[in-house]
Every structure is written in structure tokens, then in C-alpha cells.
Amino acid sequence: MLNYTLRRLAFAVPTVLVISLIVFLMLDMAPGDPTASLPLTIPPEVREQMRLALGLGDPVLVRYVKWLHMMVVVEPSHMIANATGWNIGVEGPRILSWQTRSPVGDIIVQRMPQTLWVVGLGYLFGILIAVPIGVISAYRQYSWFDQAGTFVSMVGFSVPTFFTGVVFILIFSVWLGWFPSMYDTTHQVRDWDSFVFQVRQIAMPVAVLALFNASQISRFMRASMLDNLNQDYVRTARAKGLREKTVVLVHVLRNSMIPVVTVIAIGIPTVFTGAIITEQIFRVNGLGDALIRAIYVSDWPMVQTITFIFAILIVLFNLIADVLYGILDPRIRYD
Amino acid sequence: MPDGSAPVLDVRDLKTVFRTRAGDIHAVNAVSFDLRPGELLGVVGESGSGKSVTMMSLIGLLPTPPADVCDGTAMLAGQDLLRMGPEALRAVRGRDIGFVFQDPMTSLNPVFTVGFQIMEPLRRHMGMDKAQARRRAAELLALVGIPDPERRLKDFPHQFSGGMRQRVMIAIALACDPKVLIADEPTTALDVTIQAQILELVKELRARLGMAIIWITHDLGVIAGIADRVMVMYGGQVVEHGRVRDVFADPAHPYTRALLQTVPKLREPREAQLRVIEGQPPLLGAHPAACPFRARCGQAFDRCARENPARRPVGAQGHDVACHWDHRSGAPA
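Position numbers for residues count from 1 along each chain, tracking the sequence in the order it is written. Chains and ligands are labelled sequentially in the order written, the chains with letters from A and the ligands with numbers from 1. Per-residue local features of the predicted model are confined to residues with pLDDT of at least 70, and side-chain atom pairs are confined, for both listing and counting, to 80 or more; whole-chain, interface and lining totals are unaffected and use all residues. Hydrogens and waters are ignored; side-chain quantities use all the structure's heavy atoms.

Points about the overall build of chain A
Note the following rule: Put simply, DSSP H or I for four residues or longer makes a helix, DSSP E for two residues or longer makes a strand, and each gets a number counted from the N terminus. The classification of residues rests on relative accessible area computed with a 1.4 Å probe and restricted to protein chains. Under 20% of the type maximum is buried, over 50% is exposed, and intermediate values are partly exposed. Contacts are residue-level and defined by heavy atoms, with any inter-residue pair within 4.5 Å sufficient. Computed with a 1.4 Å probe, the accessible areas rest on the Shrake-Rupley method; for each residue, only the protein chains presented here act as cover. Counted charges follow a simple rule, with Lys and Arg positive, Asp and Glu negative, and His plus the chain ends left uncounted. A single reference atom marks each charge: NZ on Lys, CZ on Arg, CG on Asp, CD on Glu.
Along the backbone of chain A there are eleven helices and zero strands. Going from N to C terminus, chain A has its helices and strands arranged as α-α-α-α-α-α-α-α-α-α-α. Dimensions of chain A, computed from C-alpha atoms along their principal axes, come out at roughly 85 × 60 × 40 Å. Residues classed as buried in chain A amount to 43% of the 335 residues present. Intrachain contacts of chain A at a sequence separation of at least 6 include 70% that bridge at least 24 residues. Working note: accessible area of chain A is about 17700 Å², and carbon and sulfur atoms make up 70% of it. Once the 24 positive and 21 negative side-chain charges of chain A are each reduced to a mean point, those two points are 10 Å apart.

As C-alpha cells, this is what we get:
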């Protein structure tokens, strides 16, 4: 297993490199210009000099290699230095956002916590809701609980988050006034009252994401449970005189979790990208928000870096899903 | 084989109906049989004849709904299995009645070790702790002829061959020293040499442990080889029952006769075509007020369509048949 994981990690490196090149080239070919949003009164020569100052004078491959060097060498060493205080001794210019002229890495570090809190909690609650619903729905197939659960998950799955988000704001902020409609990132939790406020302001974006994720995962869970409930080994477990709880929650659930865990693992990075919309609606200035704003103003270093991080996450969690599969299912052998 | 002693299992007038949207299916209809200690009862019949459903009805393994075990008694050690609550029945399953199923490839849970699966009933019914259960599980694996049992306990089902898995299933079924072992076509999914090994193993285990066995099969050769008595089922009913040698030597029911004729003969000249029983098994939707076999029966006459025959004794002691036609005289009985 370890051998397999290392081999897969080694293969992941060229995959990620190719992805980074494609991302870089596509953005380079995309229409739009970093100086386009500047006032029209700026003369063309000055405009050209600004472009050269941003490093756009070099051939595209040179710019790619420079960016890659900063991305995989300079930025990580800064991260390590900021986090632990150790100086590895790698110096050099960092990736700068064209829009703000500050290092992209710092912006991402600032934006990460709120994304992780909101999106992470949304995903976590989604899983916690989805698994029991899926299990009960499958066990009591066609009961009123199953019918209701299937209906809600169909609605939750087919209605996009930008719609549920707005509906939530309308009901709970505008009409009922229970929760604030905007997420205040500067708010700090110091005492009980500020903690309550934090819970209130995070409740709606988390609920919207949790509903969406739970709809998806509970359908997988239900289908997987149904697949397994009719298996012969379930009859064997009952014939052994085991308690129904043991039969369902040990024998069936353990088998049903195999595909579901894989889906959950693969879904983690897509949640980062999917949260772009939810972050916009609730004004959470997280990573998704940073990406959207960077795209608006053609801030290519920012877009490249965030997209590249998403790509790494996707490759990484695919690998994690495969490894989990091998751990959960003894029939899978990777060597 | 033991005879005359009180039966361990006594089933009377068992009736199971599947209540479906398309109407009731009378899957088991007034089935009665008994099983004496140490005896091996063979149950034969084609697919859909109600062999498995009968046995599953006894211990509540059928999903309800749609199944409804609506009539009859099944006495095991003075208790009626059909009147027991689900909790009491659960205590009987695996402890007093062991089950071996048809397909060993799918009957074991793929994600748990074989040891875990053998230890489960031991810990549930016998109150053993982990170490005791592990010791007993290793003994059981050795008993069913699996070499190096301590090490194999840690293996998963996919690391065993089909025959070995069926041995594991037998070990699970025998874990708590059951009074009755129900084997539902345990050799059907195995190739012939492995079948022979499993048959030998069961014969040997029966001689050693003395439990009574119900062996469901559609292989008449297997019945001839190991059973003491045989019960032939058709359309959810017992059509003939008796000691193996009596039934095979003097089959009284047209279905049994036809069934025995379908077996190719080794020592006689080869026939151009294998013999078959013409027609289809009955649909069990209509209420069983007529003989289920009449549509395929060469001897059927008007009474067969009016009245479902009751079992009546013929010839040797303990031999009975459910047929209006008398095979000896060749005339209605």
C-alpha cells in the first residue's frame, strides 16, 4: 500500500505540471488585459511600460518557468518561514497580484480560514446529515421517511445554491430577521456573545452548503445501502441470529461506506470551487471570492495560483480516495 | 438410522403466502414434516417448488411483508417457532438451527475476516469473550478441514476458494452446536469434485456431532448418496415423502416418477434426447384447490382439477403420497 501510494504520488507530479502549463497557457491566450481597467487617459506608451513592468515582455514559456519556480520553491519557503520561523534561505521575488501588488500567497493565507470554516462546516454537516438519512431511507425503503428524504434530496440537489441562498436570505434575514445576510470576516470571537454572533452569521451559508452536499451524499448512501441490503451475506448475518442493529450498522453499513467514502473524498476539492457562488451570495470573502474578483480584473497570477491549488487538491484527493478504497475494501490489492 | 425417537423438529400444516400487489402467491401450502435426531432429510424439487421458502419460513428469514407465514406450527424442543417473537427467534437462529446457503462466493461478508464472522455467533449466543471465541473458531475451522486454522482466521473470504468458503459457512452454521442444520443447496454452486468433498465432510460431521440435517437440493444423486428420508416438493406442497430406498425403488407420485426418469442412465443404451418433464411449473397465484401437477401429469383426470389431493400412506411404512391416482393399480385410488 505504501509502495503504491508513493508511486501514485510520483505520477501525480507530472500530472500537476501538465495541468499548471495548460492553466498558464489558457490564461495567456485568454482575451483581456491587466491594464484594461485603468483609465483611458493613460497614453499607450505608458500602458506598454506598465505591461513590461508586470513582466509581460518575456516569452510565454519564460514567464511560465519563472512562475513555476516561484510557485513551487519561493512561495512554499515563505509559507514555512511564516509558519515556523525557519528560514530555508530561498530568496527571490514572490508571485505578486497585478491587482493589489501584494504577494498572492499572503492573500490566499488571509482568505483560507473563512473558506475552510464556512465550506468545511458545510461539507461536514452535509455528511453528518446525509449518512443517517441514507441509511434509514434505504432500510425503510418506500416508507414516508424515505419518500420525504428522497424528495428533499432531489430538490436540494437540483436547485442551485445561488437560489437556495437567496431564498434563505429572504426568509431568515429579511422576513424573520434571525440571521445576518452578510458574513463579517473581521468579526472576532472573544466571549460568549461574540461566539453567538459568529454562529448566527455562519449558520446560513453553512446550511445552504450542507443542504446541497447532504442531498448528493444521501442519495449515494441510500443507493449503496440498497445494493448491499439484498446481498446474500446479509441473510447469512441474520441466520446467525445477530441483532438487526448489528446486521445493518455493522455488516451492511461497513460495505456501503466503501463507495460513499470515495465519493466524499473526491468531493472535497470540488466543494472549494463550488463554494465560489455561495461565498458571493453571503459576501464571505474567502478563496472563491478572491478567484472571482481576480478573473474580473484579469489578475492572471492570482487566477493561475488559485486554479493551480485547486488542481493539486483534486489530484491529491483522488489519490486519497484510491488509498481509502484500498484500506476499506480488503479485496482491493494495489501491489 | 435413528428411528422412533421424538422428533427435534415437527412442522405441521405450514402455510406461507406472499402478499404482492398482483395478488397472493401461495408459496408454501400445508407442508408437514418431521425431523428426528441425527437424521438427514433430503428435500427435492425444481426451482420455485417452495423448498427454500419452507425452511426460511420456519426461522423468520423471509422479509415480511411481502411474506406472511400465516398458518401451521413448527415445534422445536417444545416451542413453536411460528409463535415466537422476533427476539426469541433470533436467539434460536444460529444457536439451535444453523444455516448453510447456496452460494459461498456471496454468502460471506467480503470486508470482515473469516475469524470475525465465525466468532460472531459464538459471542452472541454462547457468551464467549474474544479469546474463547477465537479458540473455538480455530477448532471449528480445523473441524471442517481447513489447514492452518489459527492463521486462516485472519484471512478475508476472497482469500479462500469456493469449496473452502463453503467449509467456512459450515463452520459458522455449526459454531453453537445446533440441533438442526439446514443446508440450502450447499453444493449447487460448486464443481463436482468439490461437491463430493463437501458431501463427505457433512456425512462425517453428522456421524461425529449427531445433529439432524435438512438438505435441500435438486440433485437426486446427492439425495441417494446421503439422505435417510426424502421429501419431494412441487408447487409449494409435499407430493411424496418416505425413506430414500422406498421412494427411489417405488415412486408413487407421477412427478417423482418423471423426475427419476429425467436422470440419464449410465449403464443403459444412450437415448437420443434427454428426458424432460413437459410443461411449466405452476403459477401459485390461484388458491390451491386443485392438484398443482395436473397440467403436466399423464395420469390426470377430472377429480385432479376439483380437489387438491391429501397425503395418503402407500406401501412401506412412512411412505406417503399426495395423489388421486394409484400407481400400483394404475387406476384412481
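Still to come is the rest of the account.
Things to note about the overall build of chain B
Along chain B, the regular secondary structure elements total eleven helices and 14 strands. Seen through its principal axes, chain B has C-alpha atoms that stretch 65 × 50 × 40 Å. Within chain B, buried positions represent 55% of all 333 residues. Counting only carbon and sulfur atoms, one obtains 53% of the accessible surface of chain B, whose full area is about 14900 Å².

A few points about the pattern of salt bridges
Residue and element names in this part refer to chain B. This is how the line gets drawn: Between Lys or Arg on one side and Asp or Glu on the other, a salt bridge is scored when a side-chain nitrogen of the former is within 4 Å of a carboxyl oxygen of the latter.
This model, assessed by the stated rule, comprises 37 salt bridges over all chains. Between Glu204 and Arg208 there is a salt bridge, with its nearest N and O atoms 2.8 Å apart. You can see Glu204 and its partner Arg208 sitting in helix α7 (residues 192-209), four residues apart, about one turn around the helix. Owing to a relative accessible area of 41%, Glu204 belongs among the partly exposed residues under this scheme.

Some words on the packing of aromatic side chains
Rule in force here: For Phe, Tyr and Trp, where Trp contributes only its six-membered ring, two rings pair if their centres lie within 6.5 Å, and the inter-plane angle classes them as stacked under 30 degrees, edge-to-face over 60, or tilted in between. Geometrically, a charge over a ring is one whose NZ (Lys) or CZ (Arg) sits within 6 Å of the ring centre while staying within 35 degrees of the ring normal.
Tallied over the full model, the rule gives 15 aromatic pairs over all chains. Between Phe24 of chain A and Tyr64 of chain A the ring centres are 5.4 Å apart and the planes differ by 70°, which places this aromatic pair in the edge-to-face class. With Phe24 of chain A in helix α1 (residues 2-29) and Tyr64 of chain A in helix α3 (residues 60-84), the pair connects residues that are 40 residues apart, well separated along the chain. Look at Phe172 of chain A and Trp178 of chain A: their rings are 5.8 Å apart centre to centre, the planes differ by 35°, and that puts the pair in the tilted class. Take Trp178 of chain A: its relative accessible area is 47%, and that puts it in the partly exposed class. The structure contains a cluster of three or more aromatic residues connected by ring pairs, namely Phe24, Tyr64, Trp67 and Phe308 of chain A. Over the face of the ring belonging to Phe101 of chain B we find Arg235 of chain A, whose NZ or CZ atom lies 3.9 Å from the ring centre.

Notes on the sheet that holds strand β2 (residues 23-35) of chain B
The pairing of strands in a sheet happens through backbone hydrogen bonds and is either parallel or antiparallel. Residue and element names in this part refer to chain B. What counts here: Pairing between two strands is assigned when DSSP locates at least 2 bridges connecting them. Comment: axis = line fitted to C-alpha atoms, over the contacting stretch for helices; angle = value between 0 and 180 degrees taken between N-to-C directions.
One open sheet holds the four strands; their spatial order is β2-β1-β4-β5, and the pairing between them is antiparallel. Lying at the two open borders of the sheet, with one neighbouring strand each, are β2 and β5 (79-80). Pairing analysis gives eight bridges linking strand β1 (residues 9-20) to strand β4 (residues 67-76), with the strands arranged antiparallel. Each bridged residue has a counterpart across the sheet, and for Lys15 the counterpart in β4 is Asp71. In the packing of helix α1 (residues 51-58) onto the sheet, contacts are made with β1, β2 and β4, and the angle to β1 comes to roughly 105°.

What about α1 of chain B?
Residue and element names in this part refer to chain B. Within α1, seven of the eight residues are buried, which leaves the element mostly enclosed by the surrounding structure. Among the residues of α1, those classed as buried are Lys51, Val53, Thr54, Met55, Met56, Ser57 and Leu58. Following α1 by one or two positions, Gly60 adopts a phi angle in the positive range, close to 65°.

Section: helix α6 (residues 161-175) of chain A
Residues and elements named next belong to chain A. Which entries qualify depends on this criterion: Each residue after the first adds 1.5 Å to the expected span of a helix.
Given a rise of 1.5 Å per residue, 15 residues ought to cover 21 Å, and the 20 Å separating the end C-alpha atoms of α6 matches this to within 8%. Those residues of α6 that fall on the buried side of the exposure criterion are Thr161, Thr164, Gly165, Phe168, Ile169 and Ser173. Phi turns positive one or two residues past the end of α6, at Gly177, with a value near 70°.

A word on the environment of Pro332 of chain B
Residues and elements named next belong to chain B. Mapped onto the secondary structure, Pro332 falls in strand β14 (residues 331-332). Separated by 31 residues in the primary sequence, Pro332 and Phe301 have C-alpha atoms spaced 8.5 Å apart. Contacts of Pro332, omitting those with residues within four sequence positions, involve Phe301, His324, Trp325 and Asp326.

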